[in-house]
Amino acid sequence: MTTVLRAHAEDQYAEELAILAKSDDRTRPPGWKLSPWAVTTYILGDGDQITPKYIGPRRIVEVAVATLATDRALLLLGVPGTAKTWLSEHLAAAISGDSTLLVQGTAGTAEEAVRYGWNYARLLAEGPSMEALTHSPVMRAMAEGRLARVEELTRMPSDVQDALITVLSEKTLPIPELNREVQATRGFNVIATANDRDRGVNELSSALRRRFNTVVLPVPATAEEEVDIVSRRVGQLGRSLELPETLTGLEEIRRVVTVFRELRTGVTEDGRTKVKSPSGTLSTAEAISVLTNGIALAAHFGDGVLRPSDVAAGIVGAVIQDPVSDRVVWREYLETVVRERRDWRDFYRACRDAG
């Protein structure tokens, strides 16, 4: 057994990748570990030995995989919690066998994270040389013919974003200090992610946007689809965290998903009552977090059965991001919607107590 808290996708699903590689007799683009068809099967599952990693429209995954087989980079765009990072990791694992070449975009990300830096001890001792360079994940991906991942692209400063333009258009990374360049090896490409909530933070320049093919990841289309996603991920997280076995009723999962969907869309499930939406995103990922925390409470401090009281505090914390406006929204929803549902009485009282 491994002591790693969260294994990389290529390690966690190594057996499935090996099964696909063994039976994959389709054409593989240069530098790819699997064919585009096998990559798509790995992502969506085959109903037998290959488990689904992403639940959503097949065409979206096919377009994303086909993009990476060309010379255009891929931008996964969507609201927070739509599995952009998750899909990015699994695409890199299936195509390159390595999902670790990652640049995390933040307001403090420096240009060296995209291009290269220097080992200043060697630089001072020996002068500028290739040996004194410290390779960024993008530079390594270019040299090794792998996929580089750039997370939260629109959170990076504009000048750092634009360092990607030459890399994406010319497939070359100039090193002017050495009068040299690093040319991309076949198999190299870039997967970037960005979320809709960051519009206006550091918008992409038109020159950079043109070099990406944008694929928008939607929120789950139906409640059943979202319940399926949440159930699968909660089960996987429980096993990876080695939480004690807990009787997780589908009823509680469905209830959390219903609350999140109604507050997110601003209307109840039956379409009869309009409700106000809070400031938070209330994404599928947050629903998974609420339920995983509830399972831990039930296992360690309860009777081993997931109950309304185990998820109530997590829901209240997820909904009330702004202590003033969101609290009003939550109270109104609780009194006008939750209170009127007869089979939700225990949930109503648990949420009142938690609030």
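The rules behind the values
- Residues numbered from 1 in each chain as written.
- Predicted model: local features only at pLDDT ≥ 70, side-chain atom pairs only at ≥ 80, totals over all residues.
- Heavy atoms only, no water.
- Helix = DSSP H or I, 4+ residues; strand = E, 2+ residues; numbered from the N terminus.
- Contact = heavy atoms within 4.5 Å.
- Lys, Arg positive; Asp, Glu negative; His and termini not counted.
- Charge placed at Lys NZ, Arg CZ, Asp CG, Glu CD.
- Polar contact = N/O pair within 3.5 Å; in protein donor to acceptor, adjacent residues only side chain to side chain.
- Pairing = 2+ DSSP bridges.
- Axes fitted to C-alpha atoms, helices over the stretch in contact; angles between N-to-C directions.
- Buried < 20%, exposed > 50% of the residue type's maximum accessible area, 1.4 Å probe, protein only.
- Arc of directions from axis to C-beta.
- Expected span 1.5 Å × (residues − 1).
- Phe/Tyr/Trp six-rings, centres within 6.5 Å; stacked < 30°, edge-to-face > 60°.
- Lys NZ or Arg CZ within 6 Å of the ring centre and 35° of its normal.
- Parallel < 35°, antiparallel > 145°, perpendicular 65-115°, else oblique.
- Left-handed = near helix turned anticlockwise from the far one by under 90°.
- Nonpolar A, V, L, I, M, F, W, Y, C, P; charged D, E, K, R; others polar.

### Considerations on the overall build of the protein
The helix and strand inventory of the protein stands at 16 helices and 9 strands. When contacts within the protein are restricted to residue pairs at least 6 apart in sequence, those whose partners lie at least 24 apart make up 72%. Of the side-chain charges in the protein, 43 are positive and 49 negative, and the distance between the mean point of each set is 3 Å.

### Notes on the side chain of Thr-40
Its location among the elements puts Thr-40 in helix α3 (residues 36-44). Here Pro-36 takes part through its backbone oxygen, which lies 2.9 Å from a polar atom of the side chain of Thr-40. Ignoring any residue separated from it by four or fewer positions in sequence, one finds Thr-40 in contact with Gly-45, Arg-58, Val-61, Glu-62 and Val-65.

### Observations regarding the sheet that holds strand β5 (residues 147-151)
As summarised here, the arrangement of the 5 strands in space is β2-β5-β8-β1-β9, forming an open sheet in which the pairing is parallel. If you trace the sheet from one side to the other, it starts and ends with β2 (102-104) and β9 (212-216), each paired once. Ignoring which end each strand starts from, the neighbouring axes of this sheet average 20 degrees apart. The sheet contact formed by strand β1 (residues 73-78) and strand β8 (residues 189-195) spans 5 bridges and is parallel. Within the sheet, the bridge partner assigned to Gly-78 lies in β8 and is Asn-195. Strands β1, β5, β8 and β9 of the sheet are contacted by helix α4 (residues 58-68), whose axis makes an angle of about 165 degrees with β9. Packed on one face of the sheet, helix α7 (residues 137-144) meets β2 and β5 and runs near 160 degrees to β5.

### Structural notes on helix α16 (residues 345-354)
Every buried residue of α16 is listed here: Phe-347, Tyr-348, Ala-350 and Cys-351. All buried residues of α16 lie within an arc of 165 degrees about the axis, which places them on one face of the element. On the buried face of α16, the contacting elements are α12 (250-265), α14 (308-319) and α15 (325-338).

### A few points about α14
Counting along an α-helix, one turn takes 3.6 residues, and residues three or four places apart therefore face a common direction. The end-to-end C-alpha distance of α14, which contains 12 residues, comes to 16 Å, matching closely the 16 Å that a straight helix rising 1.5 Å per residue would cover. Most of α14 sits out of view: 9 of its 12 residues are buried. When α14 is considered as a whole, its buried residues turn out to be Pro-308, Asp-310, Val-311, Ala-312, Gly-314, Ile-315, Val-316, Ala-318 and Val-319. Looking at the buried residues of α14, the elements they touch are α12, α13 (284-301), α15 and α16.

### Thoughts on the environment of Leu-178
Within the secondary structure, Leu-178 is located in the loop between β6 (172-175) and β7 (180-183). When the C-alpha atoms of Leu-178 and Pro-128 are compared, they prove to be 6.8 Å apart, with 50 residues separating the residues in sequence. Other than its neighbours up to four places away in sequence, Leu-178 contacts Trp-118, Pro-128, Ser-129, Met-130 and Leu-133.

### Observations concerning the packing of aromatic side chains
For the coordinates displayed, the defined rule picks out 4 aromatic pairs. Between the aromatic rings of Trp-344 and Phe-347, the centroid separation amounts to 5.5 Å while the plane-to-plane angle is 80 degrees, which identifies the pairing as edge-to-face. One residue, Arg-26, lies across the ring of Trp-37, its end atom 4.3 Å from the ring centre. The ring of Tyr-42 is capped by Lys-53, whose NZ or CZ atom sits 4.1 Å from the centre of that ring.

### Remarks on unusual backbone geometry
The backbone phi angle of Ala-83 is positive, close to 70 degrees, even though this residue is not glycine. Within the secondary structure layout, Ala-83 lies in the loop between β1 and α5 (84-96). Its identity is not glycine, yet Lys-171 carries a phi of approximately 55 degrees, on the positive side. The topology assignment puts Lys-171 in the loop between α9 (164-170) and β6.

### Here's the deal with the packing of α15 against α16
Two numbers describe a pair of packed helices, the interaxial angle and the distance between the axes. Contact pair α15 / α16: the axes reach a minimum separation of 11 Å and the direction vectors enclose 160 degrees. By the angle between their axes, α15 is roughly antiparallel relative to α16. Considering only the axes of α15 and α16, their crossing is left-handed. Of the residues in α16, those in contact with Trp-330, Leu-334, Glu-335 and Val-338 of α15 are Phe-347, Tyr-348, Cys-351 and Arg-352. A per-class count over the contact of α15 with α16 returns 6 nonpolar, no polar and 2 charged.

Geometric values such as these leave the question of function open.
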